[in-house]
Amino acid sequence: MFGKKKATLADVLTNIKIARNRVRIYKNRMKDRIEKYNQMSERNFGRFTAVSMEYMKEAEQLQRIIQFLNTIDILLEMAEIKIETIIYIGYIVNEAPAVMEAIRELKKQMGGIPELSVMLEDIYAGFYASLDMPQDVKIRSTEEGKKVLEEAQKISESREEKLIS
């Protein structure tokens, strides 16, 4: 009798902004941990070389996770722009379904952050629930989504290189 109300594009946009904020929080926490691990590694290098090496490995793993979170943030930013365009202009931009499919593809690759995985699934489902899309558009967008994901990963890598240098 009381079903879940149909998601609107405004709801999806709100979910995207919340997800981007959570991604930033995760990234900041991991950067703090990396800094702590690097400090501990330096402190223990002379006395406990094996422990120091483990801290360095952990910092490298966290750096890879941050790279992955950067890619998620870029995809969410792309989706945010596309959905704002749909809301303001009332026209469905061709790339919007491709960005959603890229988010879905990245969600499949993601393992360890269940809260974020659920949020990405809600964004994906809410987008398609708020718009009536033909099935052939979804299928065609899946291949385009893989290209968008590759593009987001390249952007993430280039941003990381700019921060390093």
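The coordinates are above.
Residues numbered from 1 in each chain as written. Predicted model: local features only at pLDDT ≥ 70, side-chain atom pairs only at ≥ 80, totals over all residues. Heavy atoms only, no water.

Peer 1: Explanation requested: the overall build of the protein chain in the structure shown.
Peer 2: Assigned secondary structure in the protein chain consists of five helices and zero strands. Each helix and strand of the protein chain, placed in order from N terminus to C terminus, yields the pattern α-α-α-α-α. Classification of the 165 residues of the protein chain by burial places 38% in the buried group. Across the protein chain, every contact between residues at least 6 apart in sequence was considered, and the portion connecting residues at least 24 apart equals 79%. Split by element, the accessible area of the protein chain, about 10,400 Å² in all, is 53% carbon and sulfur. (Helix = DSSP H or I, 4+ residues; strand = E, 2+ residues; numbered from the N terminus. Buried < 20%, exposed > 50% of the residue type's maximum accessible area, 1.4 Å probe, protein only. Contact = heavy atoms within 4.5 Å. Areas by Shrake-Rupley, 256 points an atom, 1.4 Å probe, with all protein chains shown as cover.)

Peer 1: Looking at this structure, how should I read the environment of Pro 97?
Peer 2: Relative to the helices and strands, Pro 97 is located in helix α3 (residues 95-109). Of the residues examined, Pro 97 reaches a relative accessible area of 3% and is grouped as buried. In this structure the C-alpha to C-alpha distance between Pro 97 and Phe 127, which are 30 residues apart in sequence, comes to 8.6 Å.

Peer 1: Explain the pattern of salt bridges here, please?
Peer 2: Pairs can form between side chains of opposite charge once their charged atoms are near each other. Overall, the coordinates contain eleven salt bridges when judged by the stated rule. For Asp 73, the salt bridge is made with Arg 20, and the minimal N-O distance between the two is 2.9 Å. One end of the pair, Asp 73, is in helix α2 (residues 49-89); the other, Arg 20, is in helix α1 (residues 9-44), with 53 residues separating them in the sequence. Salt bridges linked by common partners bring Lys 17, Arg 20, Lys 27, Asp 73, Glu 77, Glu 80, Glu 84 and Arg 159 together as one network. (Salt bridge = Lys/Arg side-chain N within 4 Å of Asp/Glu carboxyl O.)

Peer 1: Mind showing me how you'd approach the packing of aromatic side chains here?
Peer 2: Aromatic ring pairs are defined here through the distance separating the ring centres and the angle between the ring planes. Evaluation of the coordinates by the stated rule reveals one aromatic pair. Here the aromatic rings of Tyr 37 and Tyr 55 are separated by 5.7 Å at their centres, their planes lie at 25°, and the arrangement is stacked. Separated by 18 residues along the polypeptide, Tyr 37 in helix α1 and Tyr 55 in helix α2 bring together distant segments of the chain. Since its relative accessible area comes to 22%, Tyr 37 is described here as partly exposed. (Phe/Tyr/Trp six-rings, centres within 6.5 Å; stacked < 30°, edge-to-face > 60°.)

Peer 1: Which parts of the structure should I look at to understand the side chain of Arg 20?
Peer 2: Arg 20 gets classed as buried once you look at its relative accessible area, which sits at 12%. When residues no more than four places from it in sequence are discounted, the contact partners of Arg 20 are Asp 73, Leu 76, Glu 77 and Glu 80.

Peer 1: How do you make sense of a nonpolar patch on the surface when you look at a structure like this?
Peer 2: A contiguous nonpolar patch, built from Phe 45, Met 53 and Met 56 and spanning about 270 Å² of accessible area, is present on the exposed surface. The topology assignment puts Phe 45 in the loop between α1 and α2. Judged by relative accessible area, which is 46%, Phe 45 ranks as partly exposed. (Patch = residues over 30% accessible without salt bridge, like charges linked within 9 Å, V, L, I, M, F, W, Y side chains within 5 Å.)

Peer 1: Can you help me understand the nonpolar core in this one?
Peer 2: Within the largest apolar cluster, 41 residues are counted, with the highest numbers of intra-cluster contacts made by Ile 72, Leu 75, Leu 76, Met 100 and Phe 127. Those elements that provide at least two residues to this core are α1, α2, α3, α4 (114-130) and α5 (135-164). Here this core gets twelve residues from one element, more than from any other, and that element is α2. (Core = buried A, V, L, I, M, F, W, Y, C linked by side-chain atoms within 4.5 Å.)

Peer 1: What am I meant to see in the packing of α2 against α3 here?
Peer 2: α3 packs onto α2 with a crossing angle of 155° between their chain directions and a minimal axis gap of 9 Å. Regarding the angle of α2 to α3, the classification is roughly antiparallel. Of the two elements, α2 crosses α3, and the hand of that crossing is left-handed. Note on element contacts: α3 touches α2 through Glu 95, Ala 96, Val 99, Met 100, Ala 102, Ile 103, Leu 106 and Gln 109, opposite Phe 68, Thr 71, Ile 72, Leu 75, Leu 76, Met 78, Ala 79, Lys 82, Ile 83 and Ile 86. The residue makeup of the contact of α2 with α3, split by class, is 14 nonpolar, two polar and two charged. (Axes fitted to C-alpha atoms, helices over the stretch in contact; angles between N-to-C directions. Parallel < 35°, antiparallel > 145°, perpendicular 65-115°, else oblique. Left-handed = near helix turned anticlockwise from the far one by under 90°. Nonpolar A, V, L, I, M, F, W, Y, C, P; charged D, E, K, R; others polar.)

In short, geometric facts, not functional conclusions.
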